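# Breakdown of the fold
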There are 2 protein chains.
Amino acid sequence: MSPLTLTLLSAITCCSLAEQSSNVSPPNIIIMLMDDMGWGDLGVFGQPSKETPNLDAMAAQGMLFPDFYTANPLCSPSRAALLTGRLPVRNGFYTTNAHARNAYTPQEIVGGISQDEILLPQMLKKKGYVSKIVGKWHLGHRPQYLPLENGFDEWFGAPNCHFGPYNNSNRPNIPMYNDSEMLGRYYEEFKIDKKTGESNLTQIYLLEGLDFINRQTEAQRPFFLYWAADATHAPVYASKRFLGKSQRGRYGDAVMELDYSVGQILSKLYSLGIENNTFVFFTSDNGAALISAPDEGGSNGPFLCGKQTTFEGGMREPAIAWWPGHIEEGTVSFQLANVMDLFTTSLALAGISPPDDRIMDGLDLTPSTPWTGHQPIFYYRGNELMAVRLGQYKAHYWTWSNSWMEFKNGINFCPGQEVPGVTTHTQKEHTLQPIIFHLGRDPGEKFPIRSYLDVLSRISPVVEQHKNNLVPGLPQLNMCDVAVMNWAPAGCEKLGKCLKVPKSDPWKCDWPH
Amino acid sequence: MSPLTLTLLSAITCCSLAEQSSNVSPPNIIIMLMDDMGWGDLGVFGQPSKETPNLDAMAAQGMLFPDFYTANPLCSPSRAALLTGRLPVRNGFYTTNAHARNAYTPQEIVGGISQDEILLPQMLKKKGYVSKIVGKWHLGHRPQYLPLENGFDEWFGAPNCHFGPYNNSNRPNIPMYNDSEMLGRYYEEFKIDKKTGESNLTQIYLLEGLDFINRQTEAQRPFFLYWAADATHAPVYASKRFLGKSQRGRYGDAVMELDYSVGQILSKLYSLGIENNTFVFFTSDNGAALISAPDEGGSNGPFLCGKQTTFEGGMREPAIAWWPGHIEEGTVSFQLANVMDLFTTSLALAGISPPDDRIMDGLDLTPSTPWTGHQPIFYYRGNELMAVRLGQYKAHYWTWSNSWMEFKNGINFCPGQEVPGVTTHTQKEHTLQPIIFHLGRDPGEKFPIRSYLDVLSRISPVVEQHKNNLVPGLPQLNMCDVAVMNWAPAGCEKLGKCLKVPKSDPWKCDWPH
């Protein structure tokens, strides 16, 4: 055990994230990352249909983070940030094709996670961790970008979103992988019935997770499970047993099945007797996709707008930490925290120093560090710093929901909400006079504060320092090409599922949001 | 014990409101009614600042009602409905001065609770209950309308809202009463510092409640405590100990002190050993007053608009039932229920038949009645049926937030929210084509459902039956007169606090909302 680990563990006290450690072996780490699940989708965060008894119990046994954030209001950059501990603008998961645009990894994307980045499972290897990702990867689907090339030992899941079905002629169906070879494709071997919403995928992901936990426990090897189920991303799905069970339709059914799965995973830890040696964190990749509401979108509770936006509804996430015997039961932490902290915190728990050759954005959520509660939250869209939260104050330097053209065509990221001058349909700059909200008094960002010079005098230096130190990474999400789609993933030959690869014809991707 | 009581008690089974009764003496009843507190103000209902540990614990020990309603989006009619078990349009707590207006009991109101109405404490007397109201009365302040004239044995509190301070010349300060005589006036003997928000009133109300519980327990008499604290109604207040403690300012401070008080009251029941013989219900009179947000208004969570409106934000209320040994711990009831049910349920628990000479709107929430879960919710504004909820569906027959004129002057009951054609600033009739929402999928009333003929075919007969059976009560809130203000309340002579009564000059009250 390194001196750092000793410092961290000895500094752990009551009511902080990790309260004590009587065990010298590094804890197992499970990060459960939901897809498009909103802050308001959990009972404990106020969902009126109260369909998450297992997550509510997890919170009652652990620590709730009402002020937890993602690093980007869209899935790919958010996931890249979690696994690198760095903002997308640093790790390259952004675009410069247009101003302040969200980009991700559809099938035509040429790029993926940069080989210069160091991912969490790569770091955890230093202490002998075995790592598995179950579910959605989303950091690039070309061979060099896949999980087993980037530190994971095992993978069961898909590289992209489960959109489809496609005709396999101008667009292939998304492959499902087992480790480094494809097993089949969505809508073919892995069914999703878009009419009924039925799919067994969450059950499969659950079994894959449980099996991994079983095997590593038996082998007495510390493990990292990144459980990235995607049932709450449109098209939302649930297995037969859960369909029709929620008061709010298919989306709620998907939540119920995910909640059930969380309960099964925690039960497994208890039954294996490893609950005191397994740190579990539950959160989501971005806010609920209100564009898919109400049938296939979740709830951001009292927060403004949703996915794709840098309002609270786009970036505030449900978050629960659980570690019996180490995290005090039923506690609430108002610490400002985010998905990148999971990188650094995981390393701290494993007793590994974070990379020191680059700027890291994640912080260790254990209490040994002096900045606890005071880190700023940066809200980016592409390479533009749209807003900053410091303490209870959030300053918007740019506002944009989506374009007038799209809005008029029915794309609305803020349905039923309209805060004058805030939910703008043109990109509006407020650099000289930021719009400031007090998120404690006004979590819904509806009442800009009036006299704010003293607030600004505290936020401005933080922003200035951040911008001065910023060296943007090479943008990985600028180029698209039909030739890079999932035509012929590794393993397709054995399955007879290789498709003809069209001629390469790259273009600058169009990112409308 | 009457045969009815036996039936009720024997029908009580697991997981329903009241699960068993091993005690033959009727239970004590405590109804805690908050003022302008919103659904989203409790941690358990998703308040991000999580400042209600005692209420959250009460829910964990009891039963949560996410689908609980008031009978009117304004305080006086809501309170009249609770205490009579009847809709305001029946009990007379409404106006006909203009179409679809909310009315209440300011100082100039001539009317009050009709002598034809039967109040809960009057009924409970039949079984020997002693009843006390602590806090805000609001059913009329002229002598004949006061609590001790209407069934209560004790009162500590005020007849009207704690607005002020007034100059006592054209408008007197509101009196505080102890039983039937005034003790002083707000802003005089009973301080509220509007600048700092400091007032000891909640502490006083707490002590009054505890003292009553102590005395009745000692005397071994069943009691009804109606604890109607008003700290969350603007001007919101808290005592020094709580000021500045919440993340969301003064409003949250008030919530924290009320939460503390709830905890103290429940602790008292435990320490007296009467927790198994005391039914406690916590709720609020109407939705959070968004007009006072963010500094002095609460949160309606994901619901649309707030106080004064017949959208969910105006009428959905936080609600928790608590009765150790009788109500199963940590349960959630999706029963559609409302404040008028507290009347009938209280009578059922006491073993008293409700009045049979009039239409009652309250239903017994114990499970012996067959309609459980299927009662409609009626949303009135004045004498107009604005909307009806049946199951998950809500049909709006009329929409109105507030007038354009007021809206343009800064009065906005739906700040930051705008659902086209729904949050209207003119009174808009939709009788022939109601706007229908599925509140399970869309609690925020943002996505009107499109094909709804089958839904309407179920709602229409319910509405028709309701309207056919409706005999509106004589409206009590039509006339105003400066002569009826609190110039010379009973007891003023002793205190030397009588003010000169001006000449009577009645007018038709103006109800703008």
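Scoring rules and cut-offs
- Residues numbered from 1 in each chain as written.
- Chains lettered and ligands numbered in written order.
- Predicted model: local features only at pLDDT ≥ 70, side-chain atom pairs only at ≥ 80, totals over all residues.
- Heavy atoms only, no water.
- Contact = heavy atoms within 4.5 Å.
- Buried area = accessible area lost by both parts, 1.4 Å probe.
- Salt bridge = Lys/Arg side-chain N within 4 Å of Asp/Glu carboxyl O.
- Polar contact = N/O pair within 3.5 Å; in protein donor to acceptor, adjacent residues only side chain to side chain.
- Nonpolar A, V, L, I, M, F, W, Y, C, P; charged D, E, K, R; others polar.
- Least-squares fit on C-alpha atoms with pLDDT ≥ 70 in both.
- Helix = DSSP H or I, 4+ residues; strand = E, 2+ residues; numbered from the N terminus.
- Buried < 20%, exposed > 50% of the residue type's maximum accessible area, 1.4 Å probe, protein only.
- Expected span 1.5 Å × (residues − 1).
- Phe/Tyr/Trp six-rings, centres within 6.5 Å; stacked < 30°, edge-to-face > 60°.
- Lys NZ or Arg CZ within 6 Å of the ring centre and 35° of its normal.
- Domains from an automatic or database assignment.

Facing 35 residues of chain A, the contacting portion of chain B comprises 35 residues. Between chain A and chain B the total buried area reaches about 2800 Å² when both faces are included, carbon and sulfur atoms providing 62% of it. Taken together, the links from chain A to chain B amount to zero salt bridges. Seen at the junction of chain A and chain B, the total is six residue pairs in polar contact (both at pLDDT 80 or more). Across the side of chain A that touches chain B, the residue classes break down as 17 nonpolar, 11 polar and seven charged.

Our next topic: the relation of the copies chain A and chain B. Least-squares fitting of chain A to chain B yields an RMSD of 0.0 Å, with the transformation described by 0.0 Å of translation along the axis and a rotation of 180 degrees. Here the symmetry operator amounts to a two-fold rotation axis. Identified as the residue of chain A closest to the rotation axis by C-alpha distance is G46(A), at 1.8 Å. A shared binding surface is used by both copies, with 100% of the interface residues of chain A retained as interface residues in chain B.

This part takes up unusual backbone geometry. Cis rather than trans, the peptide bond between A234(B) and P235(B) has omega equal to -5 degrees. Mapped onto the elements, P235(B) comes out in the loop between β8 (223-228) and α7 (250-271). In this structure, the amide linkage connecting A293(B) to the following residue, P294(B), adopts the cis form with an omega of 0 degrees. Turning to its location among the elements, P294(B) is positioned in the loop between β9 (278-284) and α8 (312-315). One non-glycine residue, N168(A), lies in positive phi territory at about 65 degrees. Position of N168(A) relative to the elements: it lies in the loop between β5 (154-158) and β6 (175-178). For E445(A), which is not glycine, the phi dihedral falls at a positive 50 degrees. By the element assignment, E445(A) lies in the loop between β19 (435-438) and α11 (453-469). In this structure E445(A) comes out as buried when scored by relative accessible area, which is 0%.

A few words now on helix α11 (residues 453-469) of chain B. Residues and elements named next belong to chain B. Taking 1.5 Å of rise per residue, the 17 residues of α11 would be expected to cover 24 Å, and the 24 Å separating its terminal C-alpha atoms lies within 8% of that figure. Residues V455, L456, I459, V462, V463 and H466 constitute the buried set of α11. Each element contacted by the buried residues of α11 is listed here: α4 (88-91), β14 (377-381), β15 (384-390), β16 (393-396) and β19 (435-438).

This structure, assessed with the given rule, holds 42 aromatic pairs over all chains. Here the aromatic rings of F68(A) and F281(A) are separated by 5.0 Å at their centres, their planes lie at 40 degrees, and the arrangement is tilted. A residue pair is termed long-range when its members are at least 10 positions apart, and F68(A) in strand β3 (residues 68-69) and F281(A) in strand β9 (residues 278-284) qualify at 213 residues. What makes F68(A) buried here is its relative accessible area of 0%. In this structure F281(A) comes out as buried when scored by relative accessible area, which is 0%. A network of ring pairs unites the aromatic residues F65(A), F68(A), F279(A), F281(A) and W323(A) as a single cluster. It is R171(B) that lies over the ring of Y166(B); its NZ or CZ is 5.6 Å from the centre.

For the rest of this paragraph, the subject is the domain arrangement of chain A. Residues and elements named next belong to chain A. As far as domains go, chain A holds domain 1 (28-373) and domain 2 (381-469). If you look at the interface, domain 1 gives 28 residues, while domain 2 gives 31 residues. When domain 1 packs against domain 2, close to 2500 Å² is buried across both sides, 59% of that on carbon and sulfur atoms. Counting across the interface, domain 1 meets domain 2 through two salt bridges. Here K394 and E312 are joined by a salt bridge, their closest N and O atoms 2.8 Å apart. Summed over the shared surface of domain 1 and domain 2, the result is 11 residue pairs in polar contact (both at pLDDT 80 or more). Grouping the constituent residues of the side of domain 1 that touches domain 2 by class yields 14 nonpolar, eight polar and six charged.

With that out of the way, let us pick up helix α3 (residues 75-84) of chain B. Residue and element names in this part refer to chain B. Summarising burial for α3: 10 of the 10 residues are buried, a large majority. Among the residues of α3, those classed as buried are C75, S76, P77, S78, R79, A80, A81, L82, L83 and T84. Each element contacted by the buried residues of α3 is listed here: β1 (28-34), α4, α5 (120-124), β4 (130-136), β8 and α9 (339-350). One or two positions beyond α3, positive phi appears at G85, with a value near 70 degrees.

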